[in-house]
Each structure stands twice: as structure tokens, then as C-alpha cells.
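Analysis of the macromolecular model
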Amino acid sequence: MAISPEIIKYFSSLIERETGIQYGPVNQHLLENRLRDLAKTLGFADVAMLWAEVQSRGLRGVERDTILDLATNNETSFFRDPEVFEFFKNVFVPQCTTPGRPIKIWCAACSTGQEPYSLAMTFDQLALAGMPRSYDLVATDISERVLKQAREGLYSQLEIQRGLAATLLLRYFEQTAVEGSSAPKFRVKPELKRSLSFQKLNLLEPWVNKGPFDIVFCRNVLIYQDVESKKKIISRLAGTLAPGGYLVLGGAESLLGLSSDFDMQLHGKACVYRLKALARASA
Amino acid sequence: MKFLIVDDSRAVHAYLVDLLGGSGVALQHVHNGEEAVQAVKSPGFGVDLVLLDWEMPVLSGIEALPRLKAILGATPVVMMTSKNAMADIALALERGASDYVIKPFTKEILTGKIGQILGREVA
């Protein structure tokens, strides 16, 4: 059944105001599907019933959070693509030798911070297992809105559950009440932020090279770029990597036809790119 | 694969059938902790994962949890409840839960957690 324009307008305005994500005629069907998921998730028979409830008593905290979470569905989660974190923990960190300095990591599109915090948790888990390593993690994003949340390390009940096991939630987060809402939020403990810095950076504009990095995560950025922009970004990322450094892309992205500076490697299900020995000089 | 769903809400049962019904997972429903204990004690009973509500009549999920774990051994039990205090989560893990899902949850949250626990995707 079609959802009325009035309902669509209400929810699309709310989502744009809160997240910056715009739903228009081109992607309105996505919003309609997500509203149907939302109604189902919250136990309503359909979107009209949800709407009627929201009209009569306003939007409750947990509903608002659920709407925003669904609006940004699959954008980011903790330990997204777990095989990448398996590679990081079991292959990259043990192999990475950086005498006299910490391991240097760049999360080039960190969004609301789940990726850098997942890496910080991985380092802590390694330390608990008797393999402590010092590291320096720079996390950047184009959006000040998402960086604000990343710096705060503050997540809704839904965000915190995406990809994060309860054992890690207990260890690395504390619960915090939100004024005027029955839904609590969860804040990253300060010790997890110790080696992280968050900065605004547009990958397509000139930037100061903060490398050399031992590994750069640039996941789910290239899929939104045209070929020339992809080449430009990859070439510049290569220039920030230490010799033999790794580039990690999103699961649906590849360097095929875009760069010959890297060797592709498969580690379990994780596909990563390693900078060739002579590539950095020409990058 | 077979999951045991322990929840006194018909709406939750219907929601989980909707979420997991197409994944080839067989779902068995019971309505409280005591029914769950009796089910897993029955001869020949086998299950790959238990989804366990907390607040239920007769015997609550948190009371049933250690009894279920004593019978099921390594078979994972995931708490699935609207109780969202850190102390509640800690108590459930202490009593043997493998993970904890706070209601309401989306399909991605539930299938993601189940996938992590079982080491295979559940669509």
C-alpha cells in the first residue's frame, strides 16, 4: 500500500534535519521501504498506524533513534565487515614493525566513529592478550556533523548494537541518560579515545600529508566518486602510505583499472591492497 | 538450523518469523522460561541457538538462563529484551548469555549478532 505524501514529508524532513540525508523523488522508494521496516520494528501493523500514534502523542526517544538509524541503514556499524578486523588483528598488527614509533593509522572516512573505535578496541583486546602495541590513529571525515558525534563517542541504543558484542559494550562504554528521553545513550570510555584524533578533511581538496601511515582505511568512499576522482584519491592515499603500507577499501570497491601502485592480497575473506615497493616514490 | 524462541509476546514471535522465516532456519516457539527448560530437556531435542526474553510469566528468562545453559552446554543463548541497563546486560552475560539484544531491534542487528555467534550468515 502506498504511503501518503504527508507522512513521507514529515519523516523526510525529520531525517534531513537530524542527519543531513536527503530523500527526494529519486530515492523516495528507499524511505518508503525503511518506514515500513520501522513500523514493523516498533510493532505497528503498518506505517499509517505508526503515523497515527506519532500524531497523537509525539515521537518518543527510542522511535526517533530508530528512524534515524534506519535512515542511515548500512552506512556504518562497529566491526563492519568482520573479516577486515580479523586481518587487522591477526595479520597486520603482528607483522607491522615500526621501530621507534607507534603504528600509524588513518581512517579517511570515519563517519560517526565506529571504525576508529573498533580499531581502538582491537588494540586493547590485543593488549589484554599480552600483545600491547602503541598506535596513533587519525580519523577524518568530510562532515562536521558526523565528526561531532565521533568525537563525543555517543551512540543510540540501536547504533550501539550494530556489530558490537555485549561483552565489548560492557567493557568500553558507559550508559548515559538523555534529558527528555526514556532511551539512554552509550558513551565510549575516555581511555579508548587516548590515541585517537578526529579532524575534518575533504579527500578531494588539498590536504596536508599527515603520513607516513602503515595502514589507511578508506571504505565506501570510492563508490560515490567518478573515475577521475577515484584515481585522484587513490594516488594521493598512496602518497601517504609508508613503504609496504596497506590500503583497505569497502567490500564493494576495488582498484581494478584505477591504480597499479598496489598488490591485491586476500587474507581469509578480507581483500586488502599493499603498496608496491617502488610505488611511493612515484605517487 | 533450528532456533528456539522463548517469548510470551505473540507479536515478537510473528516479527521473528518475518525476519528469519526466509532464511531456512526452523523456529520453535515457547512462551516462558519453564516451557523452554522442559523443551530442551525433552529426549532427542536439538537446537543451534536460543533467543530468550527476560520478563515472562511462570519463569523469567533470567531465572531460566542458568538452567538452560546447564542442559545446553555450549549452545548459545541470546537475551532479547527491552531491559537496557548495563547492570542487566552484565547479569545476563554472567549467567551464561552469549550476547544481548535490546528491543526494539532491526533485522540487521539481530542477524548480525547471530551471524557473529554462529560464524555464518543468517539472511
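Residue positions within a chain follow its written sequence, with the count starting from 1. Throughout, the order in which chains and ligands are written sets their labels, letters from A for the former and numbers from 1 for the latter. With the structure being a predicted model, the display of local features is reserved for residues of pLDDT at least 70 and the display and counting of side-chain atom pairs for 80 or more, all residues being used for whole-chain, interface and lining totals. Only heavy atoms go into the side-chain values, all of them from the structure, while hydrogens and water stay out.

**Here we look at the pattern of salt bridges**
Note on definitions: salt bridges are taken to be side-chain nitrogens of Lys or Arg within 4 Å of carboxyl oxygens of Asp or Glu. Within the structure shown, the criterion is met by 11 salt bridges over all chains. The residue Asp18(B) makes a salt bridge to Lys40(A) at a minimum N-O spacing of 2.8 Å. A residue pair is termed interchain when its members come from two chains, as with Asp18(B) in helix 1 (residues 10-20) and Lys40(A) in helix 2 (residues 28-41). What makes Asp18(B) partly exposed here is its relative accessible area of 42%. Each of the salt bridges in this network shares a partner with another, and the network as a whole consists of Asp81(A), Glu115(A) and Arg219(A). Strands are runs of DSSP state E lasting at least 2 residues, helices are runs of H or I lasting at least 4, and numbering of each runs from the N terminus. Each residue gets one of three labels from its accessible area relative to the maximum for its type: buried under 20%, exposed over 50%, partly exposed in between, using a 1.4 Å probe on protein chains only.

**Overview of the packing of aromatic side chains**
Here a Phe, Tyr or Trp ring, Trp counted by its six-membered ring, pairs with any other such ring whose centre lies within 6.5 Å, and the pair is stacked when the planes are under 30 degrees apart, edge-to-face when over 60, and tilted otherwise. In this structure the tally under the stated criterion is 18 aromatic pairs over all chains. Taken together, the ring pairs connect Phe87(A), Phe88(A), Phe92(A), Phe123(A), Tyr135(A), Phe217(A) and Tyr246(A) into an aromatic cluster. Note on geometry: a ring has a charge over it if NZ (lysine) or CZ (arginine) is within 6 Å of the ring centre and within 35 degrees of the ring normal. Between Lys104(A) and the ring centre of Phe213(A), over which it is positioned, the NZ or CZ distance is 5.0 Å. When the ring centre of Trp54(B) is taken as origin, the NZ or CZ atom of Lys83(B), which lies over that ring, is 5.1 Å away.

**Overview of the pairing of strand 2 (residues 135-141) of chain A**
Residue and element names in this part refer to chain A. Within strand 2, six of the seven residues are buried, which leaves the element mostly enclosed by the surrounding structure. Any two strands are treated as partners once DSSP identifies two or more bridges connecting them. Sheet analysis places strand 1 (residues 103-107) next to strand 2, joined by five bridges and oriented parallel. Note that in strand 2 the partner of Ile105 across the bridge is Leu137. A crossover gets the label right-handed when its path from the first strand over the helix to the second runs clockwise, viewed with the strands pointing away from the viewer. In terms of handedness, the path from strand 1 via helix 6 (residues 114-128) over to strand 2 forms a crossover that is right-handed. With five bridges connecting them, strand 2 and strand 6 (residues 196-200) associate as parallel partners. Looking at the pairing, Leu137 lines up with Leu196 of strand 6.

**With respect to the domain arrangement of chain A**
Where each domain begins and ends is defined by an automated method or by a domain database. In terms of domains, chain A is made up of domain 1 (5-71) and domain 2 (82-155 + 191-282). Using only C-alpha atoms to locate each centre, domain 1 of chain A and domain 2 of chain A end up separated by 34 Å.

**Thoughts on the nonpolar core**
Residue and element names in this part refer to chain A. Ranked by internal contacts, the top residues of the largest apolar core, which has 72 residues, are Ile105, Met121 and Phe173. For this core, the leading source of residues is helix 5 (residues 82-95), giving seven residues. In what follows, residue pairs with any heavy atoms lying within 4.5 Å of each other are defined as contacts. When sequence neighbours within four positions are dropped, the list of residues in contact with Ile105 reads Phe88, Leu119, Phe123, Tyr135, Asp136, Leu137, Val138, Phe213, Ile215 and Phe217. Grouping buried Ala, Val, Leu, Ile, Met, Phe, Trp, Tyr and Cys residues that are joined through side-chain atoms within 4.5 Å yields what is termed a nonpolar core. If you look at the next biggest cluster of nonpolar residues, it comprises 23 residues, including Trp207, Leu247, Tyr273 and Leu275.

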